[in-house]
Every structure is written in C-alpha cells, then in structure tokens.
Amino acid sequence: MKTTSLKTAYLAESSLLAALLVRLKRRNLYFVAGEIVSFVAMLGFVVLATTLHNATWTLWLAAVCLALYVVIRRFDVQNEARITAVDQLRQAYEDEARYLEGDFTPFGDGACHADTHHPFALDLDIFGTSSLFHRLNRTVSTGGSRSLAAALTQLPGHTPQAKAEVEQKREAIDELAAKQTWRMKFIAQGKGKAGSIDSTRLTQTMQAAAKVSIPRFAAARLPLAIACASIVGFFATLFLAVFTPLSANLPVWWGIINFFVVMLICTKPLRMVSKTANRLHAELTACVQLLSLITTEDMQAALNKQLKTELEGALHAFKQLQQTVASLDRRSNVLGLMFANALFLSDFFLVRKFLKWQDSHLKHFEQWVDCLSKADALVSLATFRYNHPETVQPQIEDAPNIVYQATNLRHPFLGTKAVGNDLHIEQGQYHIVTGANMAGKSTFLRCVGVNYVLAMAGLPVFAGEMRVSCFWLFSSMRTTDDLTHGISYFNAELLRLEQLIGYCHNHPNTFIILDEILKGTNSLDKLNGSRLFLQTMSQLPASGIVATHDLELSKLEDENPSRFANYCFEIELGNDVTYSYRITRGVAQNQNATFLLKKILKA
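What counts and what doesn't
Numbers given to residues run from 1 along each chain, matching the order in which its sequence is written. Given that this is a predicted model, residues contribute local features only at a pLDDT of at least 70 and side-chain atom pairs are listed and counted only at 80 or more, while totals for whole chains, interfaces and linings are drawn from all residues. Water and hydrogen atoms were dropped before computing side-chain values, which therefore reflect all heavy atoms in the structure. The split of the chain into domains comes from an automatic or database domain assignment. Two aromatic rings, drawn from Phe, Tyr or Trp (for Trp, its six-membered ring), form a pair once their centres lie within 6.5 Å of each other, and the interplanar angle then sorts them: stacked below 30 degrees, edge-to-face above 60, tilted otherwise. Each residue is assigned to one of three classes by its accessible area relative to the maximum for its type, calculated with a 1.4 Å probe on protein chains only: buried under 20%, partly exposed between the two thresholds, exposed over 50%. Lysine NZ or arginine CZ positioned within 6 Å of the ring centre and within 35 degrees of the ring normal marks a charge as sitting over the ring. Strands here mean DSSP runs of E at least two residues long; helices mean DSSP runs of H or I at least four residues long; both are numbered from the N terminus. N or O atoms closer than or at 3.5 Å make up a polar contact, with two conditions inside protein: a donor-capable atom paired with an acceptor-capable one, and, for residues adjacent in sequence, both atoms drawn from side chains. It only takes one pair of heavy atoms within 4.5 Å for two residues to be counted as in contact. Any two strands between which DSSP finds at least two bridges are classified as paired. Only residues above 30% relative accessible area that lack a salt bridge enter a patch, with like-charged residues linked at up to 9 Å and the nonpolar side chains Val, Leu, Ile, Met, Phe, Trp and Tyr linked at up to 5 Å. Each accessible area is a Shrake-Rupley result for a 1.4 Å probe, and residues are judged covered by the shown protein chains and nothing else. The salt bridge definition used is simple: a Lys or Arg side-chain nitrogen within 4 Å of an Asp or Glu carboxyl oxygen. Take the number of residues in a helix, subtract one, and multiply by 1.5 Å to get its expected span. Fitting axes to the seven residues ending at a residue and to the seven starting there, one defines the bend at that residue as the angle between these axes. Each residue gets a pLDDT score, which is the predictor's confidence in that residue and runs from 0 to 100. Here an axis means a line fitted to C-alpha atoms, over the contact stretch when the element is a helix, while the angle between two N-to-C directions is reported on a 0 to 180 degree scale. Working rule for angles: under 35 degrees goes down as roughly parallel, over 145 as roughly antiparallel, 65 to 115 as roughly perpendicular, anything else as oblique. Cysteine sulfur atoms are paired as a disulfide whenever they come within 2.5 Å of each other.

Enquirer: Can you break down the domain arrangement of the chain residue by residue, with the values?
Expert: What the domain assignment lists for the chain is domain 1 (1–103), domain 2 (199–385) and domain 3 (395–601). Between domain 2 and domain 3, the C-alpha centre-to-centre distance is 58 Å.

This is how it looks when you write it as structure tokens:
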C-alpha cells in the first residue's frame, strides 16, 4: 500500500467515525430527554398520590417511572462512554493522516530523552522536533516513551545475542503492524481524556501507599468474623426492634458504635492512602483498557507472547486496584460514608481489601508496568512499520566483523525528495567523502547512521536492499562549545574525539561517522591533526565514514589503499550550481563557496 493510499484510508476511517459520533450525540439528546420526562413523571405521580384518596396506583406508576429513569440513565452513561471512545479513536486516525502529511505535532518529540554525550543520538537527530523519535512516537505512557527511546539509543551492538535480539524484535513488530485496528484502539484508549499514563507516578504512588501504616490485623480471620457478626447483630436487632417490643435504641446505639470504632481504626490510614492513590483513577482506567486489549489478543510472535505471559494476572489486579481507588473516592460523600460504616463497616472491608491486594499483587506491580511500557513501545514501532510500505527489511548478518552494504540508501526524513546512494564498507575500511557545501555529505552520513539505527531497532530501512552485521556506532558531527563550563569549541571537539577513542577501545567493531574533524583550528593544523587521527584510528578494530573539505586527506588512499577509499559528492558550476546528491568514487573537483559569494557580491 502506498503512502497516499494509507492517508486516504486513515481519512476515510476518520470520516466514518465522525459520522458515528454525530449519531451517538443525537442519541444522547434522546436519553437526556427521556431522563427528564421520566423524572418529572415520577414526581408528578408522587404529588398526585398526596392529593387523591385510595391512589395506590399512582405510587406504582411513580415506581415504574423511577425504574425507567434508572434504565435510561444507565444507557446514557454507556452511550457517553462510547462517545468518548469513538472520539478518541477518530482523533487517532486523524493524527496518522496528519503524520503522513508531515505534521508530527500530535506526538511527543522525546526532547526529554536527549543526551549531548550519547555516542550518536545528537548527531543523528534521534530526539527533538521532527526527529526520528518524533516520527515514531505513538506511546501512551511515560514508560513506553522511555522504552522507545531505549530501543533507538541502546543498540545491541557487537554482542553474541545481538542478531537474535534484533530478529525477535522484528518478528514482534511485524505481527503488531498487521493488527492495524488493534493498534489504533491501543493508541486511542491509552491516551484517553487524561493524556499519557505516567508510569513513574503509578509505581511511586503504589510504593508510597505501601509505606502507609495500615492496621495489619484487618487482614486476619478473627477480625473478619467479628465484623461479620457485628453486621448480623445490627440487622438482627433492627428486625426485632421493628417487629417486637425490643427498644429501638439498641440498633441505633449498635450502629453508632460500629461507625465510631471503624472511623477510629481506619480513617487515618485510608486518608493517607487516598491522598496518594486518588490521583491515579484515570490512569488506572487506561491501564485496564490496555491490559484487556493485550491479554485478549492472539499473539504468536515470541516477544509478544512473552509480554502477554508476564502480564497474566495483571488485568485482574489492576481492576481490583481501580475498584479500590473508586471506593476511596466515594468516601468524600460524608452522609453516605456514615451510613456505610454504621450499617456495613465499609471502611474495615476497604482496608482489608487493600491489604490483601498489597500482599498478592504489589510485588508484581512494577514488573507489570514495565511490561506494559515495552508493549507500548512496540506499538509505536509497529505503527511506523505499517506507515512506510516503501521500506525493506534489512538482512542481519551474524558476522564477526563490520559489514554495511546497501543500495539506494535514502534518508527517512526526506520522503519522496530523497536521492538514493549505495554504500559498501567492511571491517577496517574508511571512506573519505569530499564535496562542496550543501552537496549532500552530512545528509548522507546521517542517512547511513539513521538507517542502521532503524535496522537494529527491528524496523525496515529506506533502501533498495541492505545487509549489515551488528556493531557499535559512534558519531561526531555537531560539537558545540559550553561557555558556562569554560569549554571552547576546539576543546569540545578534542573531548568528543577523546570520548570516541575510549569508546572504540572498550567496544571493538565500532562504526564511526565523522563530519569535519577539528573544525575549530587553522587549516594546516587541522589537516595534520586529521591525518594523525585517522591514521591512528585505522589501527583500531573499527570502520567508518569521514566527510571533509580537506582534499589533502584524500592522499591517505594512496598511502594505505586497503584502509582508505575516496568518495565524493560532485557539483556542476555554470550559471548556477547544480547538485546531483549522488556519491561517486574519487575526489571532489568543484567547490561552490567562492562562486556563491561572487553572486552575492554582484547582487
């Protein structure tokens, strides 16, 4: 399916849901009208009963109207919930259509995950506005956002299990990509009215609630037996007071004692738990919906089945916690709380319920939230997979050395404007790429890096075909000064190169991407320093691509052809500058700085 067809499909689904929304809202008006009519009719029959003699029939009709009101109200609540769900789903489809138009504003850009010292994230535009993360991100939880960020930055590298890890993730992504309707429901229900789920707050709140001093005896059998006996005793005395000469004071005092004993024992711990847990109601509702989607869906991919297995019991536990939090919220009704405690010792049973939940489920809570976060990230990756049918699956090689071969390799951010190039580089080789300004050198370097990140994340790549091994990645393209810490631009470059050398020593089989080494010094010093650096790097177990304006560096191929090879992005100079954006063998012959400056001065 082409991108244009996908956009049409998304918009068509959004239109269908918008039409359904109109019908549901119209139905809502009928429900409201029915509620008003049935309620007014009930009041009318009650008033009529007070004015007529022998008008028992009016009370029966009032009861019927009340029952009708309750039924209509129930349908109204269900319809409201469906309106919310349909509107969220419509918005999710609309957001995907906007994404295909190049509008990423509905999604988080992941700037909070940015790390200027990361081996490659800053240079390859992994985070920030219009970044790779911004394009992939459909996460509905903060934990999912962190998991997605880790998938793009914590690559498996050159490790024994790297290939298996990538292929397992790819299998899971492919399976979820095929479940388009399921994914859209996941995204829509996860965001809900409250926005994204704060995974950290969920776990921290439950940990804080667990530290609240709660009377443990409430979970024992003896207090349960006493509580049940007290409730039975209260209703027994109430029955006897109504139908026998027993004084009515007895059930009244019994209820009062019930109320004060329960309030004395349970109020303080419940208030402390409520203070922390009440904020989670909307997030727990979203979690229950997501867990219901995951646990009821048939999963065949190994990673998806593993996550589903690890989430066994989570849906029941989250539902129980959701009900407990709802009960805590209802305690704000003072009159209802008084009657509930006097008649049914409700706070005692609420404390008991929370203690039993803690004992059974709290130890698994953090693991469940983590599994939900991983599933959330996989949904984002699968959505990207589905949205880009023009991509191809790379062939992952289980090779001991660096292998990177690709044809028609394109930058994912450029869409249909991207110009494809080929790349073939293996262990110990360095490509020296020369070319004029704006000829495409830096874009090509980022293209190579970003597509490798996609491949290691289990995603397809923007290429005709691609074959890569699993290796480490390090880049140096966007060095900046830091005046607040007294670090000049040149010093920042040296620190980055020092970090690179240390990284290569600690991570054999590192692929290096460098753009203009030592920009912060004069030309001769820069050339000599760059030569020395590259000659030193060629002795390490690494490979890479180096873009430069220093044509003298091309002589490294003559000195060591087994290690260095020259490539260039050539331009044509005429009345204007013509850019091909094609990489070819050799050294660039034409430069454009003087040419363009002359045009500016003439103007």
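The discussion continues.
Enquirer: Tell me about the packing of aromatic side chains, residues and numbers included.
Expert: Pairs of aromatic rings are described using the distance from one ring centre to the other and the angle between the two planes. For the structure on display, the rule yields 25 aromatic pairs. Note on Phe 234 and Phe 235: the rings are 5.2 Å apart at their centroids and 80° apart in plane angle, and the pair reads as edge-to-face. Judged by its relative accessible area of 6%, Phe 234 falls in the buried class. Looking at Phe 235, the relative accessible area reads 32%, which means it is partly exposed. Feature note: the residues Phe 318, Trp 357, Phe 365 and Trp 368 constitute an aromatic cluster, connected by ring pairs. Across the ring face of Phe 413, the terminal group of Arg 135 is positioned such that the distance to the ring centre comes to 4.0 Å. Taking NZ or CZ as reference, Arg 585 lies 5.0 Å from the ring centre of Tyr 567, over its face.

Enquirer: Outline the side chain of Thr 434, supporting the account with residue identities and numerical values.
Expert: One can find Thr 434 in strand β4 (residues 430–435). Within the structure, Thr 434 has its side chain in polar contact with the backbone nitrogen of Ala 588 (distance 3.0 Å). Setting aside residues up to four positions removed in sequence, Thr 434 forms contacts with Lys 441, Thr 548, Leu 551, Tyr 567, Cys 568, Phe 569, Gly 586, Val 587 and Ala 588.

Enquirer: Could you give an account of the pairing of strand β10 (residues 577–585), naming the residues involved and the relevant values?
Expert: Note: strand β9 (residues 564–573) against β10, six bridges, orientation antiparallel. The residue bridging Leu 573 from the neighbouring strand is Val 577, located in β10.

Enquirer: Tell me about a nonpolar patch on the surface, and name the residues and values.
Expert: Side chains of Phe 217, Val 252, Trp 253, Ile 256, Ile 257, Phe 260, Val 261, Leu 264 and Ile 265 sit close together on the surface and give an oily, nonpolar patch of about 910 Å² of accessible area. Inspection of the secondary structure assignment puts Phe 217 in the loop between α7 (199–210) and α8 (221–243).

Enquirer: Now, about the environment of Ile 231: what can you tell me, with residues and values included?
Expert: In this fold, Ile 231 is placed in helix α8. The residues contacting Ile 231, other than those within four sequence positions of it, are Leu 343, Phe 344, Leu 345 and Phe 349.

Enquirer: Could you give an account of the pattern of salt bridges, with specific residues and numbers?
Expert: Proximity of charged atoms lets side chains of opposite charge pair with each other. In the structure shown here, the tally under the stated rule is 21 salt bridges. Residue Arg 98 is joined to Asp 103 by a salt bridge in which the shortest nitrogen-to-oxygen separation is 2.9 Å. Here Asp 103 falls in the partly exposed class, since its relative accessible area comes to 24%.

Enquirer: Explain helix α14 (residues 346–387) to me, using residue names and the numbers behind them.
Expert: When the terminal C-alpha atoms of α14 are compared, their 51 Å separation across 42 residues is substantially less than the 62 Å that a helix rising 1.5 Å per residue should span. A maximum bend of about 60° is found in α14 at His 361.

Enquirer: Quick rundown of the confidence of the model for the chain? Include the residues and the values.
Expert: On average, residues of the chain carry a pLDDT of 88, and 96% of them reach 70 or more. Of all secondary-structure elements in the chain, the lowest mean pLDDT belongs to helix α19 (residues 593–602), at 77, while helix α3 (residues 132–136) reaches the highest, 97.

Enquirer: Pulling in residues and values, what's your account of the sheet that holds β10?
Expert: Pairing in this open sheet of six strands is mixed, and the strands run β6-β7-β8-β4-β9-β10 from one edge to the other. Across the chains shown, the open sheet's two edge strands, defined by having one partner strand only, are β6 (472–476) and β10. On average, each strand axis in the sheet is inclined to that of its neighbour by 15°, with strand direction left out of account. Summarising the sheet, strand β7 (residues 510–515) and strand β8 (residues 542–548) pair through six bridges and their orientation is parallel. Bridging across to β8, Ile 512 finds its partner in Gly 544.

Enquirer: Which residues make up the packing of helix α5 (residues 162–178) against helix α11 (residues 302–310), and what values do they have?
Expert: Running from amino to carboxyl end, α5 crosses α11 at an angle of 80°, the nearest separation of the two axes being 7 Å. In terms of orientation, α5 and α11 fall into the roughly perpendicular class. Each of Gln 168, Lys 169, Glu 171, Ala 172, Glu 175 and Leu 176 in α5 lies in contact with α11, whose residues at this interface are Ala 302, Leu 303, Asn 304 and Gln 306.

Enquirer: Tell me what's going on with unusual backbone geometry, and back it up with residues and numbers.
Expert: Of note in the backbone geometry, Asn 509 takes a positive phi value of approximately 70° without being a glycine. Looking at where Asn 509 falls in the secondary structure, it is placed in the loop between α16 (489–506) and β7. Although it is not a glycine, Glu 516 adopts a positive phi angle of roughly 60°. If you trace the backbone, Glu 516 turns up in the loop between β7 and α17 (523–537). In this structure Glu 516 comes out as buried when scored by relative accessible area, which is 8%.

Enquirer: Give me the lowdown on the state of the cysteines, citing residues and values where you can.
Expert: Counted by the stated rule, this structure contains zero disulfides. Left without a disulfide partner, Cys 112 is nearest to the cysteine sulfur of Cys 287, which lies 19 Å away. Of the residues examined, Cys 112 reaches a relative accessible area of 67% and is grouped as exposed.

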